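Spelled out, the chains give:
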Amino acid sequence: MSQDRSKEHFQELAAGFLAGRISRRHFIGQAAKLGISAALLSRIMTSGAYAADSNLIDSSPDYPNESPITKERIAFLKNKPYKGQTINVMVLKATVGDGLKYWVPKWEEETGGKVNVAEAPSDTLHQQIFSDLQTTHKYDTYMTGAWFYGDFFVPKEPYIIDVDPYLKDPKYPYWNPDDFIPAMKTLYSWQGKVYGVLFDSDCQILYYRRDVLEKAENQQKFKDKLGYDLPNPPKTTKEMHDVATFFTGWDWNGDGKDDWGISLHAKVNEQGFFHFLTLAAPYVCSPNNKYFWFHPETFKPLINSEGHLRALEDYVKFLPCGPKEAISWTLGQGWTLFLAGHAVMEPTWGDLPTFAQDPKESTVKGKVGATIIPGTSEAFDPIKGKWDKFDLNSVGNVNGGSWHCVISRFSKKKEVTYDFLAFMATKKNALYNCTHGFTGVQPGMKFEYFPPVGTGKAEEWVEQGWDGDEAKRYLDAYYQNLSLPAQETYLRIPGAAEYWHELDVRVSAVLAGQTQPKAALDDCAQAWERITERYGRDKQKKLYAESFA
């Protein structure tokens, strides 16, 4: 291997190690083969180090809300270090915003600081964040969707700061980004540096009623009608359609009312278009193609490819399998139908099985199964312009906001702000968040998953009110989705919110019967071209390429 190539290979290895994509052992082994000096290796390993584990103790009776906690942290808190200081936080007006607000009085009591929380609805959050960054600088931190990231890095000096310096200081609440599942650490980072502080970790999988699919009477009826065994659970999109259709329009739960095959939450300007992205993934992404959004060389939109079109046509087929009102339902309305026991399936985020554990919200505790989003037998390669056949093409996703806070470059109270955000990221508090539905938070850290992939324990979830077997089914499927070899990439370039808005309104128009799928996607592609021209094609192409690095 040439010297230049060896240097390039080592740089790739180092970037992968620091971003959490490759293990410490693999990094050291490969570096040794390249003849890298021990001194250089040591500097790189240290650059990724966080507050020393040797200073950690499991808990302190004086500060029961933090576990583990450093000895330096205990000493730092003795005199209420932030007494008289107030920070301003902008959050999403949704469950994740409620989740953040839950921790405010606990942090205030511990530190003496104060937190003012302002809420913004989903359809104006992006606008309000960037208006403040460009004008008033009122807020110290913002709860961002991961797709806002590209916009934070438009200026030469980014709008937000990386948190690495704080991570290395043991006086702050302890959390370690190395505990992230790699797919999630990517969404909290930019070019190898961590900018976001742990909160939410979204992806979409399929939840279903195990008891209903296991019922012998239903299995026989399905086989008599469709000629094959009832899939438990569905593994292909066709099977998912068949199951949804079969369970629609009759009283399978025995309460005297007709029930449904699927529940959706498809309201425009909310988060309904994620349904389309999730269902479209296996029609476009595959072992042969990773590009879902744009052509890597021309930066022309791929959104109106044959694969995307097939996916949108399939999405429309699900509509009669749920209430017609679903096209205007928000998240909570879609979840309610499933939790009340009136829908067999729902593709959505991890909030659903979390709410299912709460008897005030749910009638289905202990009855919920979880699996990855069903795959397809063929996928369209939009780069080569051809369909590829597979036994089963299953594709993972990190669809959703993965809502978390970032710190404004203009904040005059960065240290105080980071302290509050890191307080919610400590292991004890993060585990509480992902086991309680009202927080809107899902698991993204290794300590939240069970062996062999993580270090968590089922008893920890049972203590939070979970059915232990249901927790295992949920986490197994969630992790499998996040670690599938083929993944639908996340769009994190300037203007992502605008691109997605144009897609959202057109998908909604198709669901409402106002336009046809092909016309909608062709029109969306033209709208995307206008956005690209405004931002600059060459700049967008470069950043898009970097998003795959």
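Everything here concerns the structure above.
Residues numbered from 1 in each chain as written. Predicted model: local features only at pLDDT ≥ 70, side-chain atom pairs only at ≥ 80, totals over all residues. Heavy atoms only, no water.

### Quick look at the pairing of strand 4 (residues 114-120)
Rules: At least two DSSP bridges between two strands are needed for those strands to be called paired. Numbering goes from the N terminus for both helices and strands, where a helix is a DSSP run of H or I of at least four residues and a strand is a run of E of at least two.
Here strand 3 (residues 86-92) runs beside strand 4; their pairing, made up of seven bridges, is parallel. Residue pairing across strands places T86 opposite K114, the latter belonging to strand 4.

### Considerations on the packing of aromatic side chains
Cut-off, in case you're wondering: Only centres within 6.5 Å qualify two rings of Phe, Tyr or Trp (six-membered ring in Trp) as a pair; their planes then separate them into stacked at under 30 degrees, edge-to-face at over 60, and tilted for everything else. Burial status follows relative accessibility: with a 1.4 Å probe on protein chains alone, a residue under 20% of its type maximum counts as buried, one over 50% as exposed, and anything between as partly exposed. In this analysis the charged atom, NZ for Lys or CZ for Arg, is taken to sit over a ring once it is within 6 Å of the ring centre and within 35 degrees of the ring normal.
Evaluated as defined, the whole model comprises 56 aromatic pairs. For the ring pair F273 and F274, a centre distance of 4.5 Å and an interplane angle of 25 degrees mean the geometry is stacked. Look at F273 and you get buried, because its relative accessible area is 5%. On the basis of relative accessible area, F274 is assigned to the buried category, the value being 0%. For K106, the ring lying beneath its charged end belongs to Y102, and the centroid distance is 4.1 Å. Over the face of the ring belonging to W387 we find R310, whose NZ or CZ atom lies 4.2 Å from the ring centre.

### With respect to empty space enclosed by the protein
Under the convention used in this document: Put plainly, a pocket is an open set of points on a 1 Å grid over the protein atoms alone with protein on both sides within 12 Å along at least five of seven lines, a cavity is a set where a 1.4 Å probe fits but cannot get out, and a lining residue has an atom within 4 Å of a point. Grid points are joined across faces, edges and corners, and a volume is the space filled by probe spheres set on the points. Here the term charged refers only to Asp, Glu, Lys and Arg, the term nonpolar to Ala, Val, Leu, Ile, Met, Phe, Trp, Tyr, Cys and Pro, and the term polar to all other amino acids, Gly among them.
This structure, assessed with the given rule, holds four cavities of 30 Å³ or more. Here the largest cavity defines a volume of roughly 110 Å³. What lines the largest cavity is a set of 15 residues, among which D202, Q271, L331, D351 and W403 lie closest to the centre. Sorting the residues of the lining of the largest cavity by element identifies helix 5 (95-111) and helix 15 (331-339) as the ones contributing at least two each. Considering only residue class, the lining of the largest cavity consists of seven nonpolar, five polar and three charged.

### Points about the state of the cysteines
Here is the rule we go by: Cysteine sulfur pairs qualify as disulfides if the two atoms are within 2.5 Å.
Overall, the coordinates contain zero disulfides when judged by the stated rule. With no disulfide of its own, C203 lies closest to C434 among cysteine sulfurs, the gap being 12 Å. Here C524 stays free of any disulfide, with the sulfur of C285 as its closest cysteine sulfur at 16 Å.

### Some thoughts on the sheet that holds strand 8 (residues 205-209)
The condition that has to hold: Axes here refer to lines fitted to C-alpha atoms; in helices the fit is confined to the stretch in contact. Angles between the N-to-C directions go from 0 to 180 degrees. The contact definition used throughout considers only heavy atoms, calling two residues in contact when any of these lie within 4.5 Å.
The strand order across the open sheet formed by four strands is 9-10-8-11, and the pairing between neighbours is mixed. Looking at strand neighbours, the two that pair on one side only are strand 9 (260-262) and strand 11 (368-371), the edges of this open sheet. Pairs of neighbouring strands in the sheet enclose a mean axial angle of 20 degrees, with direction left out of account. Bridge analysis of strand 8 against strand 10 (residues 343-348) gives four bridges, and the strand direction is antiparallel. Across the sheet, Y207 pairs through a bridge with E346, a residue of strand 10. Helix 20 (residues 468-483) rests against strand 8 and strand 11 of the sheet, and its axis sits at about 15 degrees to strand 11.

### As for the packing of helix 14 (residues 306-318) against helix 21 (residues 496-511)
Note the threshold: Here the angle decides the label: under 35 degrees means roughly parallel, over 145 means roughly antiparallel, 65 to 115 means roughly perpendicular, and every other value means oblique. Should the near helix be turned counterclockwise from the far one by less than a right angle, the crossing is left-handed, whereas a clockwise turn marks it as right-handed.
Relative to each other, helix 14 and helix 21 sit at 50 degrees, their axes nearing to 10 Å. It follows from the interaxial angle that helix 14 and helix 21 lie oblique. Once helix 14 is placed against helix 21, the crossing between them reads as right-handed. Here helix 14 contributes L312, Y315 and V316 to the contact with helix 21, which in turn contributes V507, V510 and L511.

### Looking at the pattern of salt bridges
How we decide: In the sections that follow, a salt bridge refers to a side-chain nitrogen of Lys or Arg positioned within 4 Å of a carboxyl oxygen of Asp or Glu.
Here the structure, examined in full by the defined rule, presents 28 salt bridges. Put simply, E157 and R409 hold a salt bridge, and the shortest N to O gap is 3.5 Å. Taken together, the residues E157 in the loop between helix 7 (149-152) and helix 8 (164-167) and R409 in the loop between strand 14 (404-407) and helix 17 (414-425) connect sequence positions 252 residues apart. Ionic pairing is found between D242 and K238, a salt bridge with its closest N-O pair at 2.9 Å. Note that D242 and K238 are positioned in helix 12 (residues 237-246) at a spacing of four residues, about one turn of the helix. D242 gets classed as buried once you look at its relative accessible area, which sits at 15%.

### Observations concerning unusual backbone geometry
Here N232 and P233 are connected by a cis peptide whose omega angle stands at 5 degrees. Counting through the fold element by element, P233 comes out in the loop between helix 11 (216-226) and helix 12.

### Re the nonpolar core
Put simply, the rule reads: The definition of a nonpolar core used throughout is a set of buried Ala, Val, Leu, Ile, Met, Phe, Trp, Tyr and Cys residues joined through side-chain atoms within 4.5 Å.
L100, F152, W175, F276, Y418, F420 and L503 are the most contacted members of the largest nonpolar core, which has 156 residues in total. Top element by residues in this core is helix 13 (residues 273-284). It accounts for nine residues.

### A look at the packing of helix 21 against helix 22 (residues 517-535)
Two elements in contact, helix 21 and helix 22, have axes whose closest approach is 9 Å; the angle formed by their N-to-C orientations is 165 degrees. In terms of their interaxial angle, helix 21 and helix 22 are classed as roughly antiparallel. Between helix 21 and helix 22 lies a crossing whose hand is right-handed. Between helix 21 and helix 22, the residues in contact are E498, Y499, E502, L503, R506 and V510 and P517, A520, L521, D523, C524, A527, W528, I531, T532, R534 and Y535, respectively. Taken together, the residues of the contact of helix 21 with helix 22 break down into 11 nonpolar, one polar and five charged.

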